[in-house]
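# Examination of the molecular architecture
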Amino acid sequence: MPSELSVGQLARRSGVAVSALHFYEASGLIQSRRTPGNQRRYPRDALRRVAVIRAAQRVGIPLATLAEALATLPDGRTPTRADWARMSRRWRGELDQRIEQMIKLRDTLDDCIGCGCVSMKRCRLANPADALAERGQGAQRWPRDAGR
């Protein structure tokens, strides 16, 4: 069994597209070395790292947040089960907030007509309690210089 994996092998074994692996690498989430022929070679533990990345993505953890957590590991090592438990405890509050927001969205979605209007007083999704009216007329979520 080889001690390193090519990008294609890592993609097949992890079920992640080569382009996603390149993106993860560019984001500092995984690392490779280059062969004399300039081909990427990943350590076998990259499989676990990719699994951790995918698990974090499935629960909605932004990659930047994950990168910060992975950067705290000594010597850039691959997360262990204990590391994952520690990281996930740190994210619990944020996930609870998202779950609460999603429940609220689910329960109020039938009021939404899907128009994207942010000036409707009644819209609980885009403009709860007409809070954006205080900023003035028009679409307040668009940057002032958009389209220029």
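For the structure itself, consult the block above.
The text that follows walks through the structure, step by step, so that each part is easy to find. (Residues numbered from 1 in each chain as written. Predicted model: local features only at pLDDT ≥ 70, side-chain atom pairs only at ≥ 80, totals over all residues. Heavy atoms only, no water.)

### Comments concerning the overall build of the protein chain
The secondary structure content of the protein chain amounts to 5 helices and 3 strands. Walking the protein chain from its N terminus toward its C terminus, one meets helices and strands in the order β-α-α-β-β-α-α-α. Evaluated residue by residue, the protein chain yields a buried proportion of 27% over its 148 residues. Sequence-distant contacts in the protein chain: of pairs separated by 6 or more residues, those separated by 24 or more amount to 45%. Here the protein chain displays about 10300 Å² of accessible surface, and carbon together with sulfur accounts for 52% of that area. (Helix = DSSP H or I, 4+ residues; strand = E, 2+ residues; numbered from the N terminus. Buried < 20%, exposed > 50% of the residue type's maximum accessible area, 1.4 Å probe, protein only. Contact = heavy atoms within 4.5 Å. Areas by Shrake-Rupley, 256 points an atom, 1.4 Å probe, with all protein chains shown as cover.)

### Considering the sheet that holds strand S2 (residues 33–34)
Sheet strands associate in pairs through backbone hydrogen bonding, adopting either a parallel or an antiparallel arrangement. Judged by pairing direction, the sheet is antiparallel, and its 3 strands sit side by side in the order S1-S3-S2 without closing on themselves. The open sheet has two free edges, formed respectively by strand S1 (4–6) and S2, since each of these has just one partner strand. The pairing of S2 with strand S3 (residues 40–43) spans 2 bridges and is classified as antiparallel. Note that in S3 the partner of arginine 34 across the bridge is arginine 40. Packing of helix H1 (residues 7–14) onto the sheet brings it into contact with S1 and S3, and relative to S1 it is tilted by some 95 degrees. (Pairing = 2+ DSSP bridges. Axes fitted to C-alpha atoms, helices over the stretch in contact; angles between N-to-C directions.)

### Section: the side chain of arginine 49
Within the secondary structure, arginine 49 is located in helix H3 (residues 46–58). For the buried arginine 49, no salt bridge exists, and the shortest N-O distance to an oppositely charged side chain is 5.9 Å, to aspartate 45. Side-chain polar atoms of arginine 49 contact the backbone oxygen of leucine 29, separated by 2.7 Å. Apart from the residues lying within four places of it in its own chain, the contact partners of arginine 49 are Leu29, Ile30, Leu70, Leu73, Gly76, Arg77, Thr78 and Pro79. (Lys, Arg positive; Asp, Glu negative; His and termini not counted. Salt bridge = Lys/Arg side-chain N within 4 Å of Asp/Glu carboxyl O. Polar contact = N/O pair within 3.5 Å; in protein donor to acceptor, adjacent residues only side chain to side chain.)

### A look at helix H5 (residues 81–108)
Taking 1.5 Å as the rise per residue, H5 with 28 residues should run 40 Å; its terminal C-alpha atoms sit 38 Å apart, in good agreement. A bend of about 45 degrees at arginine 92 is the largest found in H5. Those residues of H5 not exposed but buried are Asp83, Met87, Trp91, Leu95 and Thr108. The inward-facing, buried residues of H5 contact helix H4 (63–71). (Expected span 1.5 Å × (residues − 1). Bend = angle between axes of the 7 residues up to and from the residue.)

### A word on the environment of leucine 73
Mapped onto the fold, leucine 73 is located in the loop between H4 and H5. The class of leucine 73 is buried, set by a relative accessible area of 4%. Residues in contact with leucine 73, not counting those within four places in the same chain, are Arg49, Thr78, Pro79, Asp83 and Arg86.

### Quick look at H3
With 13 residues, H3 should cover 18 Å at 1.5 Å per step; its first-to-last C-alpha distance of 18 Å lies within 8% of that length. Looking only at H3, the buried set comprises Ala46, Leu47, Arg49, Val50, Val52, Ile53 and Ala56. Residues of H3 that are buried sit in contact with S1, H1, helix H2 (18–26), S3, H4 and H5. One or two residues past the end of H3 sits glycine 60, with phi positive at roughly 90 degrees.

That is the geometry; function is a separate question.
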